[in-house]
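Overview (structure and organization)
If you want the building blocks of each chain, they are given just below.
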Amino acid sequence: MHCRGRGFVTLIEIERMKRARILILMSWIVANGLPGVAIASDARQDSTLQWNWHAQPVEGSPGQIDLVLEASIQPGWILYSSDFETVDFGPRSAQIMVEDGHAALGAPQAIGSIRRTDRNFAGEYSYTYFSQNAEFKQRVRLEEGAGSVKGLIKGQTCFEASGLCTLFEESFLIELP
């Protein structure tokens, strides 16, 4: 039997207060995000990138094209490339996905990316990135009779001066020649 009076709090009441504080903190994090990090579910079109895309036929390979995705990158920002292995605590590499029965053949090619090695609390890691302009090529086997290719490029950009990073997703629709 516990005495409840002025100044006494039971263990159950302490646990309830701890849970309430944790719920308040979690609600704040969900509502505001962590500083400098975009939450994956909030991936969106990134205004730091301006995209252009087109398709090129692959000579000698009927039914195949190269998707060419080019981006202009705002000054001070970088776009992480597709040609490095993503680690648990580091930059996210760009990915290209195609829809509607088409098949991506191999990994996207990053044209002119810059290689860098960095270090954080988890150790050393290497990555590639673009500044100012980016170009990706993705070979695709087309579904028979296709008139267009629809897909998505997603990845991460960072403002180097502050370390602010955001995830992005950009849909594309390319009419075939």
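Structure: above.
Now for a quick tour of the structure. (Residues numbered from 1 in each chain as written. Predicted model: local features only at pLDDT ≥ 70, side-chain atom pairs only at ≥ 80, totals over all residues. Heavy atoms only, no water.)

1. Digging into the pairing of strand S9 (residues 133-141)
Along S9, the buried face is formed by Ala134, Phe136, Gln138 and Val140; none of Asn133, Glu135, Lys137, Arg139 and Arg141, which line the opposite face, is buried. Bridge analysis of strand S2 (residues 64-73) against S9 gives nine bridges, and the strand direction is antiparallel. Each bridged residue has a counterpart across the sheet, and for Gln64 the counterpart in S9 is Arg141. Relative to S9, strand S5 (residues 103-104) runs antiparallel, the two sharing two bridges. The partner of Ala104 across the bridge, within S9, is Val140. (Buried < 20%, exposed > 50% of the residue type's maximum accessible area, 1.4 Å probe, protein only. Helix = DSSP H or I, 4+ residues; strand = E, 2+ residues; numbered from the N terminus. Pairing = 2+ DSSP bridges.)

2. Topic: the pattern of salt bridges
Side chains carrying opposite charge are able to pair once their charged atoms draw close together. Per the stated rule, a full pass over the model turns up two salt bridges. Glu160 is the salt-bridge partner of Arg116, the closest N and O atoms lying 2.9 Å from each other. Residue Arg116 is found in strand S7 (residues 114-120), and its partner Glu160 is found in the loop between strand S10 (148-159) and strand S11 (164-175); the two are separated by 44 residues along the sequence. Glu160 gets classed as partly exposed once you look at its relative accessible area, which sits at 42%. (Salt bridge = Lys/Arg side-chain N within 4 Å of Asp/Glu carboxyl O.)

3. What about the pairing of strand S3 (residues 77-80)?
Of the two faces of S3, the one holding Trp77 and Leu79 and the one holding Ile78 and Tyr80 are both buried throughout. In terms of strand pairing, S3 meets S10 through three bridges, oriented antiparallel. Paired with Ile78 across the bridge in S10 is Cys158.

4. Notes on unusual backbone geometry
With phi around 70°, Gln132 is a residue other than glycine that occupies positive phi space. With respect to the helices, strands and loops of the structure, Gln132 is situated in the loop between strand S8 (123-131) and S9. Under the relative-accessibility criterion, Gln132 is labelled exposed at 60%.

5. With respect to the nonpolar core
Counting 24 residues, the largest nonpolar core has Trp51, Leu67, Leu69, Leu79 and Phe136 as the members making the most contacts within it. Residues in contact with Trp51, not counting those within four places in the same chain, are Leu69, Glu70, Ala71, Leu79, Phe136, Ile153, Phe168 and Glu170. Judged by nonpolar contacts, the second largest core, of eight residues, contains Tyr80, Tyr125, Tyr127 and Tyr129. (Core = buried A, V, L, I, M, F, W, Y, C linked by side-chain atoms within 4.5 Å. Contact = heavy atoms within 4.5 Å.)

6. Some words on the packing of aromatic side chains
All told, the structure shown has eleven aromatic pairs when counted by the stated rule. Between Trp77 and Phe159, the aromatic rings sit 5.4 Å apart at their centres with planes inclined by 55°, giving tilted as the arrangement. Within this pair, whereas Trp77 is found in strand S3, its partner Phe159 is found in strand S10, the two being separated by 82 residues in sequence. Take Trp77: its relative accessible area is 13%, and that puts it in the buried class. Here Phe159 falls in the partly exposed class, since its relative accessible area comes to 27%. Each ring, one from Tyr80 and one from Tyr127, has its centre 5.4 Å from the other, and the planes form 75°; the classification is edge-to-face. Placement of the pair is Tyr80 in strand S3 and Tyr127 in strand S8, with a sequence separation of 47 residues. (Phe/Tyr/Trp six-rings, centres within 6.5 Å; stacked < 30°, edge-to-face > 60°.)

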